[in-house]
Amino acid sequence: MAARLSFPALCVTALAALLTISAPASAQQSLCADCHFANAGGPNPIHLHEWDLSAHGRAGVGCEACHGGNPRTVESFLAHQMIVRGHGLENPVNRRNLPATCGKCHSGPYTEFQSSRHYLLLRNGDPAAPSCSTCHGDVAAYLLSPKGLESECNGCHGRGKKQERAEYAANARYLLQATRDTRALLDSARSLIKRVTDPKMRESLQYDYEQAAVPLQEAAHAGHSFVFDKVEERLGVAMARAEALADRLANLSVRTPSR
Ligand code: HEC
Ligand code: HEC
Ligand code: HEC
Ligand code: HEC
Ligand code: HEC
């Protein structure tokens, strides 16, 4: 006590230095990955690499988001204390639990997935049913191409398979292609809108953009029920609005040069 009182300046400086060092590792920061990357011989190095390159890694979704554990300690024992080991049913990353684990953050896909036959089978422990990781990887957050999606469906529903229904795959590919085309149209509309100088006009175009972007995302989410009526309906609305917006923008750019 006496020592602390006689060196107040030193204490304050030391404290300040400590605070600066620990500032990046602030309340929300996850320390799990730091230690795993430092342990070259640690488990599952490919998984680490996939996380690093993924939308999850970029968005700062830490290891604890799926595995649990305490991300604010560098003590291995404390960090892992609450982590379920092994591949059992209590493990949040067991493929059967992934819909709920991923669904904490992705409620749109999760809600739709829950209405599917796939979900029912998965919950009943059927190893033939797909889970979130079947199409998105364990951590990588892959987004399949239309062709990739078709081949994924065909892996279970293709010719000669037990669950043969090849029309599912063809339909899924067609709808995903249309989703992508509409998204591409909206992406180019967005970059044009940014260049519109009149603020009132820009705001009005931005409004139309959102009126198309929302049903487009609803279509992507609805796909997770694997019954495509709602996808078709939402996609139809999104496409019509995206095309109307593109027309508006085309008329605008025809007028601008003759100013
Ligand atoms: C101090 C370093 C360190 C920290 C911090 C750390 N880990 Fe680990 N982790 C390891 C090492 C080394 C292993 C392999 C040895 C073992 O299983 O204990 C491991 C194992 C694991 C495993 C495999 C467990 C199994 O048996 O299936 C998972 C999952 C895991 N860590 C996740 C995490 C998460 C999530 C966090 C943060 C909440 C975290 N780790 C924090 C070093 C660390
Ligand atoms: C988006 C969810 C998610 C995130 C984030 C995530 N993982 Fe995983 N992890 C999984 C899934 C799913 C598996 C596969 C589990 C299985 O097949 O049993 C897995 C498997 C593992 C395994 C192998 C476990 C075993 O017992 O074989 C380790 C180790 C691991 N992850 C560590 C990490 C570390 C370290 C991080 C952070 C850099 C991390 N994970 C981030 C979902 C995630
Ligand atoms: C803690 C919240 C959280 C959890 C849990 C989580 N994610 Fe994510 N996920 C995110 C965030 C944040 C992004 C980045 C969003 C963005 O870039 O707009 C993302 C992005 C994605 C994307 C889109 C990638 C893209 O390029 O648009 C997919 C697919 C995805 N996650 C699947 C999963 C799957 C599958 C799981 C479970 C294994 C999972 N996520 C668990 C938060 C989470
Ligand atoms: C049979 C394949 C398949 C399964 C299983 C699957 N998804 Fe998807 N997911 C897709 C496709 C296809 C898209 C649309 C990709 C695109 O728009 O480019 C998508 C899109 C997403 C997105 C991005 C949505 C957005 O807002 O743009 C997220 C997040 C996601 N899925 C999470 C999940 C979760 C969580 C699960 C498990 C409950 C799951 N997915 C199961 C195929 C699948
Ligand atoms: C990992 C394997 C697997 C994948 C991948 C998969 N399915 Fe399935 N699917 C099944 C199984 C198993 C059933 C149950 C079939 C049954 O009960 O007759 C099923 C059932 C269905 C059903 C309900 C069938 C019915 O008649 O009630 C639809 C629709 C469906 N799948 C569409 C798709 C589509 C579309 C894709 C790709 C986007 C896909 N599935 C990918 C395994 C899979």
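Scroll up to find the structure.
Here's a quick rundown of the structure. (Residues numbered from 1 in each chain as written. Chains lettered and ligands numbered in written order. Predicted model: local features only at pLDDT ≥ 70, side-chain atom pairs only at ≥ 80, totals over all residues. Heavy atoms only, no water.)

## Focus: the coordination of the iron atom of ligand 3
What counts, and what does not: Note on donors: an N, O or S atom is included if it sits within 2.8 Å of the metal, or within 3.2 Å for Na, K and Ca, and water is never included, so sites can look incomplete. Here a site with four donors is tetrahedral if all angles are between 85 and 135 degrees, and a site with four or six donors is square planar or octahedral if opposite donors are over 155 degrees apart and the other angles are between 65 and 115; anything else gets the irregular label. Each helix is a run of H or I in the DSSP string that is no shorter than four residues. Each strand is a run of E no shorter than two, and both are numbered from the N terminus.
Protein coordination at the iron atom of ligand 3 comes from His-56 (NE2) and His-106 (NE2), with a distance range of 2.0 Å. Each of the six donor atoms bound to the iron atom of ligand 3 contributes to angles spanning 88 to 179 degrees, and the resulting shape is octahedral. In this pair, His-56 sits in helix 5 (residues 55-58) while His-106 sits in the loop between helix 8 (98-103) and helix 9 (107-114), placing the two residues 50 residues apart along the sequence.

## Points about the coordination of the iron atom of ligand 2
Ideal donor angles around a metal are set by the shape: a four-donor tetrahedron calls for 109.5 degrees, a six-donor octahedron for 90 or 180 degrees. Note on the iron atom of ligand 2: its protein donors are His-47 (NE2) and His-67 (NE2). The metal-donor distances range over 2.0 Å. One can describe the donor arrangement at the iron atom of ligand 2 as octahedral, given that its six donor atoms subtend angles of 87 to 179 degrees at the metal. Separated by 20 residues along the polypeptide, His-47 in helix 4 (residues 45-53) and His-67 in helix 6 (residues 64-67) bring together distant segments of the chain.

## Overview of the site of ligand 1
Cut-off, in case you're wondering: Consider each residue's heavy atoms; a residue with any of them within 4 Å of a molecule or strand counts as near. We call two N or O atoms a polar contact when they sit within 3.5 Å, provided that within protein one can donate a hydrogen and the other can accept it, with sequence-adjacent residues counted only if both atoms are side-chain atoms. Each residue is assigned to one of three groups, with Ala, Val, Leu, Ile, Met, Phe, Trp, Tyr, Cys and Pro labelled nonpolar, Asp, Glu, Lys and Arg labelled charged, and all others, Gly among them, labelled polar.
Residues in contact with ligand 1 amount to 20 residues; listed here are only the nearest, Cys-32, Cys-35, His-36, His-80 and Arg-85. Between an oxygen atom of ligand 1 and a side-chain N or O atom of Arg-85, the distance comes to 2.5 Å. Mapped onto the shell around ligand 1, the elements with two or more residues apiece are helix 3 (32-38), helix 6 and helix 7 (76-80). Residues that form the shell around ligand 1 fall into these classes: eight nonpolar, ten polar and two charged.

## Here we look at the site of ligand 5
Near ligand 5 there are 15 residues, and of these Arg-117, His-118, Cys-153, Cys-156 and His-157 occur at the shortest range. A distance of 3.4 Å separates an oxygen atom of ligand 5 from a polar atom in the side chain of Gln-163. A distance of 3.3 Å is found between an oxygen atom of ligand 5 and a side-chain nitrogen or oxygen belonging to Tyr-168. For the shell around ligand 5, the secondary structure elements donating two or more residues are helix 10 (117-123) and helix 12 (146-157). Of all the elements, helix 12 adds the most residues to the shell around ligand 5, at five residues. In the shell around ligand 5, the residues fall into nine nonpolar, three polar and three charged.

## Regarding the packing of aromatic side chains
To keep it simple, the criterion reads: Between rings of Phe, Tyr and Trp, where Trp is taken as its six-membered ring, a pair exists when centres lie within 6.5 Å; planes separated by under 30 degrees are stacked, by over 60 edge-to-face, and by other angles tilted. A simple rule labels every residue: compare its accessible area, found with a 1.4 Å probe on the protein chains alone, to the largest value its type can have, and call it buried under 20%, exposed over 50%, or partly exposed in between.
One pass over the structure, following the stated rule, counts three aromatic pairs. A ring pair is formed by Phe-113 and Tyr-119, whose centres lie 5.9 Å apart and whose planes are at 80 degrees; its orientation type is edge-to-face. Classification of Phe-113 as buried rests on a relative accessible area of 6%. On the basis of relative accessibility, which here comes to 15%, the residue Tyr-119 falls in the buried class. Ring geometry for Phe-113 and Phe-226: centres 6.1 Å apart, planes at 75 degrees, overall edge-to-face. Note that Phe-113 is positioned in helix 9 and Phe-226 in the loop between helix 14 (199-222) and helix 15 (229-255), a separation of 113 residues in sequence. With relative accessibility at 34%, the residue Phe-226 sits in the partly exposed group. These aromatic residues form a ring-pair network of at least three members: Phe-113, Tyr-119 and Phe-226.

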